[in-house]
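Report on the structure
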Amino acid sequence: MAKLCEEGGRLYANALRTGRIARADVEPAPCLMEFALLHPDPDDANWLRPVPPSVALAQRLNPIEHEITERRRLSIELADAFEPFMALTAQTTTSTHSITVLEGNDRINAALDLATAQCQHEMLTVQPSGHRPERSLVQGLERDRPLVERGVSIRTLYQHTARYSPEKLAYTDQFANGKVEYRTIDELVERLIICDETVAFIPARDDQKVALELRHPGLVSYLVKVFEFMWARAVPLSTGAPYETAPDGITDIQHSIAKLLVEGHVDEAIARRLGMNVRTCRAHIAKLATALGSGSRAQLGFLIAQSGILNKDHPPRGGDGTP
């Protein structure tokens, strides 16, 4: 669609004021003829007369209005064509939208903000240990503070290493006066957020850039049961209980490491699952080897199995997250 140029607008305005304009004067503004704003003067071929603005506007609008009318007709035909199928899909609409893929931090955070804003009773969260950037902590504060102020209860599960994280301890202190509970457990798998037992969020990729928003009642109910299972085995953060050494000289955290070693996990995987850095994990493995009298990694696995420590009940008593 052509656009009336600035020079064309000025010349058209002059032509309307004077009633006509010389052909030679409009040569620098061909847009006047493209818009059909001028027509030949019947009395003198060297002059042009302006078309009234109302007529010119109508000429420009007619094809647009025709196109709008045609598109409206087409939309009605499409609606009529698909109307018989709408009833057939009505029963599956809920399941279709029960799982939503959220790509990118902005979309994930927007969905979390909406869900927490609508949360009225309780939010359950599982937060595996790991360094959280300052921006993430600020977002968490901005999201959780309104919940606490509304009287919504929050229960959060951390790994034992959170007991030794100044950032996490400072974060939990922000809500000391609210209906908030924090517990720790030796091993967590993935992040989880559940609002009012109606919507849950889980990561769909290791880099945390893709998440799933779950609203299927069966799925959410299952995740609530998983959370309650872990919650019942976790230790209240408020107890501040450090991990203890059992009579056999093996600490709780070393007991967890021994179990993962026997399962065949490498140091990096064990550290990730227990929420500690690799250096700390290897230090615990060295202490475990000393306690069992092992001289090699291969011998350590054999001695763990032979010692029977994996058959003993080691109730959680906290954790060691010394960096």
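Let me begin by describing the structure that accompanies this report. (Residues numbered from 1 in each chain as written. Predicted model: local features only at pLDDT ≥ 70, side-chain atom pairs only at ≥ 80, totals over all residues. Heavy atoms only, no water.)

Within the protein chain, the regular secondary structure consists of twelve helices and eleven strands. Considering only residue pairs separated by 6 or more positions, the protein chain has 69% of its internal contacts joining residues 24 or more positions apart. For the protein chain, the computed accessible surface area is about 18900 Å², with 57% contributed by carbon and sulfur atoms. (Helix = DSSP H or I, 4+ residues; strand = E, 2+ residues; numbered from the N terminus. Contact = heavy atoms within 4.5 Å. Areas by Shrake-Rupley, 256 points an atom, 1.4 Å probe, with all protein chains shown as cover.)

Among the seven residues in strand S6 (residues 153-159), seven count as buried, and that is most of the element. Burial along S6 is two-sided: Ser-153, Arg-155, Leu-157 and Gln-159 and Ile-154, Thr-156 and Tyr-158, pointing in opposite directions, are all buried. The pairing of strand S5 (residues 122-126) with S6 spans five bridges and is parallel. Within S6, the residue paired with Met-123 across the bridge is Ile-154. Pairing between S6 and strand S7 (residues 180-185): six bridges, direction parallel. Each residue of the ladder has a partner; that of Thr-156, found in S7, is Tyr-182. Taken together, S6, helix H7 (residues 166-173) and S7 constitute a β-α-β crossover, and its handedness is right-handed. (Buried < 20%, exposed > 50% of the residue type's maximum accessible area, 1.4 Å probe, protein only. Pairing = 2+ DSSP bridges. Right-handed = clockwise from strand over helix to strand, strands pointing away.)

Let us look at helix H12 (residues 297-307). Three or more residues of H12 are buried, namely Leu-300, Leu-303 and Ile-304. Buried residues of H12 fall within an arc of 105° about the axis and therefore sit on the same side. Residues of H12 that are exposed and point over 90 degrees away from its buried face: Ala-298, Phe-302, Ala-305 and Gln-306. Where the residues of H12 are buried, they touch helix H9 (252-262) and helix H11 (278-292). At the C-terminal side of H12, Gly-308 shows a positive phi close to 80°. (Arc of directions from axis to C-beta.)

Taken together, the side chains of Leu-74, Leu-78, Phe-82, Phe-85 and Met-86 make up a nonpolar region of the molecular surface, amounting to roughly 530 Å² of accessible area. Position of Leu-74 among the secondary structure elements: in helix H3 (residues 53-90). Note on Leu-74: relative accessible area 41%, which makes it partly exposed. (Patch = residues over 30% accessible without salt bridge, like charges linked within 9 Å, V, L, I, M, F, W, Y side chains within 5 Å. Salt bridge = Lys/Arg side-chain N within 4 Å of Asp/Glu carboxyl O.)

A separate point is the environment of Ala-115. By secondary structure assignment, the location of Ala-115 is in helix H5 (residues 105-118). Residue classification places Ala-115 among the buried residues on the basis of a relative accessible area of 5%. Taking the C-alpha atoms as reference, Ala-115 lies 7.5 Å from Val-199; in sequence the two are 84 residues apart. For Ala-115, the residues in contact, after removing those within four places along its chain, are Cys-195, Val-199 and Phe-201.

Turning to the side chain of Gln-127, a few remarks are in order. Residue placement: Gln-127 occurs in the loop between S5 and helix H6 (134-149). On the basis of relative accessibility, which here comes to 12%, the residue Gln-127 falls in the buried class. Separated by 2.3 Å, the side chains of Gln-127 and Arg-191 make a polar contact. Each residue touching Gln-127, except ones within four places of it in the same chain, is listed here: Thr-156, Leu-157, Tyr-158, Gln-159, Leu-188, Arg-191 and Ile-193. (Polar contact = N/O pair within 3.5 Å; in protein donor to acceptor, adjacent residues only side chain to side chain.)

Turning to the side chain of Thr-116, a few remarks are in order. Here Thr-116 is to be found in helix H5. Excluding anything up to four places from it in sequence, Thr-116 contacts Met-123, Arg-143, Leu-147, Arg-150 and Cys-195.

So, about the nonpolar core. Core analysis: the largest hydrophobic core is formed by 23 residues, its most contacted members being Met-123, Tyr-182, Cys-195 and Phe-201. When residues of this core are traced back to their parent elements, those giving at least two are H5, H6, S6, S7, strand S8 (192-195) and strand S9 (199-203). With four residues, the top contributor of residues to this core is H5. Sequence-distant contacts of Phe-201, that is, excluding residues within four places in its chain, are made with Leu-102, Ala-111, Leu-112, Ala-115, Arg-191, Leu-192, Ile-193, Leu-212 and Glu-213. (Core = buried A, V, L, I, M, F, W, Y, C linked by side-chain atoms within 4.5 Å.)

Ordered by their spatial adjacency, eight strands build an open sheet running S4-S10-S9-S8-S5-S6-S7-S11, and the pairing between neighbours is mixed. In this open sheet, the two edge strands, each paired with only one partner strand, are strand S4 (99-103) and strand S11 (235-236). Relative to S9, S8 is paired through three bridges, and the arrangement is antiparallel. Bridge pairing in S9 places Cys-195 opposite Val-199. Lying over the sheet, helix H8 (residues 217-232) contacts S4, S5, S6, S7, S8, S9 and strand S10 (210-214), oriented at roughly 65° with respect to S6. (Axes fitted to C-alpha atoms, helices over the stretch in contact; angles between N-to-C directions.)

Treat this as a map of the structure, not an account of what it does.
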